[in-house]
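Structure assessment
Chain residues, written in single-letter form:
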Amino acid sequence: MRIGFAGAGKVGFTLGKYMTEHNVCVSGYYSRTRESAIQASDFTHTKYYETLEELSASSDALFLTVPDGAIEDVWNSLKEHSLKGKFICHCSGAMSSAVFSGIDRTGAFGYSIHPLFAVHDRLQSYKEISQAYFTIEGSQEHLLFWKSFFESLGNPVRVIRAEDKILYHSAAVFASNLVTGLFETGVSLLQECGFDRSSGEEALKALFLNNCRSIAEVGTEEALTGPVERADVGTIEKHLEVLSGNKREIYVRLSEVLEEIAERKHPERDYTELSQLWKRSGKNDEKHSCNL
């Protein structure tokens, strides 16, 4: 099977290199930005194509590794050409294969294939993506083929439903992008204590990395520490006294989740007083919001 890439950004670079490193036949790249396609083809030792039609003709499967907002436009251009029997795949976490409107009439098969992985560097991420889960959704006829394909590269694979794509993507955002927001909030609070940004980030780094590593190695229950786990209401009340606005609300809402984890970890421990504290805090936040 020859796999072509329409789009030569970080995901296109990474998947193409990852596949060629595993002896998958990658036909090459087409991109609206000619230079990026040439760079991707050089990086993967494959071919650069002048047109989308040429890439399609030389490929059995096409991965549309373009931004989400461009997938439909590329598909509308692609479906004007002969596609019978070909696989058309995109790598969006949020969009399903339904974006390939009218694909049944072309005789092709559509899939959304998403690596649950932050592709941060187009030249380096291929070395790390072997650790990533892949999720696949699309035409029933060849789902098992694609599942087996990525499993043969060494990746765990999960088949999901089209209607679950948005919920799935929100899960990824919670575990990645929103964590960045939490770290930023911590740095901001340290700046209020007199740290500058650089020293605040450096001060939290070891704590942050060790906690993430612990979660990854032993799971949330075993990794959980802190005042919520201990049901230390006194300390938490002091925290709430010095926090305000969004920071206070984030603290309360996430602490409610931590309490759920703590109750699983320590079923013998009484968290009733904590639960009542969250309810009181929620009512206070509502009053504050109404006053605004």
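Residues numbered from 1 in each chain as written. Predicted model: local features only at pLDDT ≥ 70, side-chain atom pairs only at ≥ 80, totals over all residues. Heavy atoms only, no water.

Some details on the side chain of K17
Going by this rule: Secondary structure elements are taken from DSSP: a helix is a run of H or I of four residues or more, a strand is a run of E of two residues or more, and numbering for both begins at the N terminus. Residue contacts are counted whenever heavy atoms from the two residues lie within 4.5 Å of one another.
Its location among the elements puts K17 in helix α1 (residues 10-21). Once residues lying within four places of it in the same chain are set aside, the contact partners of K17 are Y29, F43, T44, H45 and Y126.

Observations concerning the confidence of the model for the chain
Rule in force here: Scored between 0 and 100, pLDDT is the confidence that the predictor attaches to each residue.
Chain-level statistics for the chain give a pLDDT mean of 95 and a share of 97% at 70 or above. Here residues 288-292 scores under 50 on pLDDT; set against residues more than four positions off or in separate chains, the count is zero contacts.

Observations regarding α1
The cut-off we apply is this: The span you would expect from a helix comes to 1.5 Å times its residue count less one.
Helix length check: α1, at twelve residues, gives a terminal C-alpha distance of 16 Å against a target of 16 Å (1.5 Å per residue), a fit within 8%. The inward-facing, buried residues of α1 contact β1 (2-6), β2 (25-30), α2 (34-44), β4 (61-64), β7 (133-138) and α6 (143-152).

Observations regarding the state of the cysteines
How we decide: Disulfides are defined as pairs of cysteine sulfur atoms found within 2.5 Å of each other. Exposed residues in this analysis have more than 50% of their type's maximum accessible area, buried residues have under 20%, and partly exposed residues fall in between, with area computed by a 1.4 Å probe over protein chains only.
Applying the stated criterion across every chain yields a total of zero disulfides. Of all cysteine sulfurs, the one in C89 lies closest to C91, which takes part in no disulfide; the gap is 7.4 Å. Assessed through its relative accessible area of 13%, C91 is described here as buried.

Examining a nonpolar patch on the surface
Convention followed: Every patch collects residues that have over 30% relative accessible area and no salt bridge, joining them within 9 Å if they carry like charges and within 5 Å if they are nonpolar side chains (Val, Leu, Ile, Met, Phe, Trp, Tyr). Here, Shrake-Rupley sampling with a 1.4 Å probe gives the accessible areas, and only protein chains in the shown set may cover a residue. By salt bridge we mean one thing: a side-chain nitrogen of Lys or Arg within 4 Å of a carboxyl oxygen of Asp or Glu.
On the surface, L182, I250, L254 and V257 cluster together into a nonpolar patch covering about 290 Å² of accessible area. Broken down by element, the residue count for the nonpolar patch peaks at three residues, all from helix α12 (residues 245-265). If you trace the backbone, L254 turns up in helix α12.

Brief notes about the layout of surface pockets
Note the following rule: Whether a set of points on the 1 Å grid over the protein atoms alone is a cavity depends on a 1.4 Å probe fitting there but being unable to get out, while an open set qualifies as a pocket with protein on both sides within 12 Å along at least five of seven lines; lining residues are those with an atom within 4 Å of a point. Grid points are joined across faces, edges and corners, and a volume is the space filled by probe spheres set on the points. We call Asp, Glu, Lys and Arg charged. Ala, Val, Leu, Ile, Met, Phe, Trp, Tyr, Cys and Pro are nonpolar, and the rest, Gly among them, are polar.
The calculated volume of the largest pocket comes to roughly 1900 Å³. Lining the largest pocket are 37 residues, with L182, F208, N211, L254 and L258 positioned closest to its centre. Where the lining of the largest pocket is concerned, the elements lending two or more residues are α7 (165-175), α8 (177-192), α9 (197-223), α10 (227-230), α11 (233-242) and α12. Looking at which element gives the most residues to the lining of the largest pocket, the answer is α9, with eleven residues. Residue classes in the lining of the largest pocket are distributed as 27 nonpolar, nine polar and one charged.

Overview of the nonpolar core
Operational definition: We call a set of buried residues a nonpolar core when its members are Ala, Val, Leu, Ile, Met, Phe, Trp, Tyr or Cys and they connect through side-chain atoms within 4.5 Å of each other.
Counting 34 residues, the largest nonpolar core has I3, M19, F63, Y111, I113, W146 and F150 as its most contacted members. Those residues in contact with W146 that sit more than four places away from it in its chain are M1, I3, A61, F63, F87, C89, Y111, I113 and I136.

Examining the packing of α8 against α9
A pair of packed helices is characterised by two quantities: the angle between their axes and the separation of those axes. Put simply, the rule reads: Working convention: axes come from line fits to C-alpha atoms, limited for helices to the stretch in contact. Angles between N-to-C directions cover 0 to 180 degrees. Any angle that is under 35 degrees is reported as roughly parallel, and any over 145 degrees as roughly antiparallel; angles of 65 to 115 degrees are reported as roughly perpendicular and all others as oblique. Each helix crossing is assigned a hand: it is left-handed if the near helix lies turned anticlockwise from the far helix by less than a right angle, otherwise right-handed if that turn is clockwise.
Closest axis-to-axis distance for the α8/α9 pair is 9 Å, and the angle between their directions is 125°. Taken together, α8 and α9 sit at an angle that is classed as oblique. Handedness of the crossing formed by α8 with α9: right-handed. Contacts from V179, F183, E184, G186, V187, L190 and Q191 of α8 reach α9 at R197, G200, E201, A203, L204 and F208. Among the residues forming the contact of α8 with α9, the class breakdown is seven nonpolar, three polar and three charged.

What about unusual backbone geometry?
With phi around 65°, N23 is a residue other than glycine that occupies positive phi space. Of note, A231 is a non-glycine position whose phi angle comes to about 60°, a positive value. The topology assignment puts A231 in the loop between α10 and α11.

Overview of the packing of aromatic side chains
How we decide: Two rings from Phe, Tyr or Trp (for Trp, the six-membered ring) form a pair when their centres are within 6.5 Å of each other. A pair whose planes differ by under 30 degrees is stacked, one over 60 is edge-to-face, and the rest are tilted. A ring is considered to have a charge above it if a Lys NZ or an Arg CZ atom is located within 6 Å of its centre and within 35 degrees of its normal.
In the structure shown here, the tally under the stated rule is 18 aromatic pairs. Relative to F149, the ring of F145 has its centre 6.4 Å away and its plane inclined at 35°; by these criteria the two rings are tilted. One end of the pair is F145 and the other is F149, both in helix α6 and four residues apart, which spans about a single turn. Connected via pairs of aromatic rings, a cluster forms that spans F5, Y29, F63, F87, F109, Y111, F134, F145, W146, F149 and F150. Above the ring of F43, the side-chain terminus of K17 is found at 4.9 Å from the ring centroid. The side chain of R122 reaches across the aromatic face of F13, ending 4.5 Å from its centre.

Notes on the environment of S77
The residue S77 is located in helix α4 (residues 68-78) in this model. Here S77 falls in the partly exposed class, since its relative accessible area comes to 32%.

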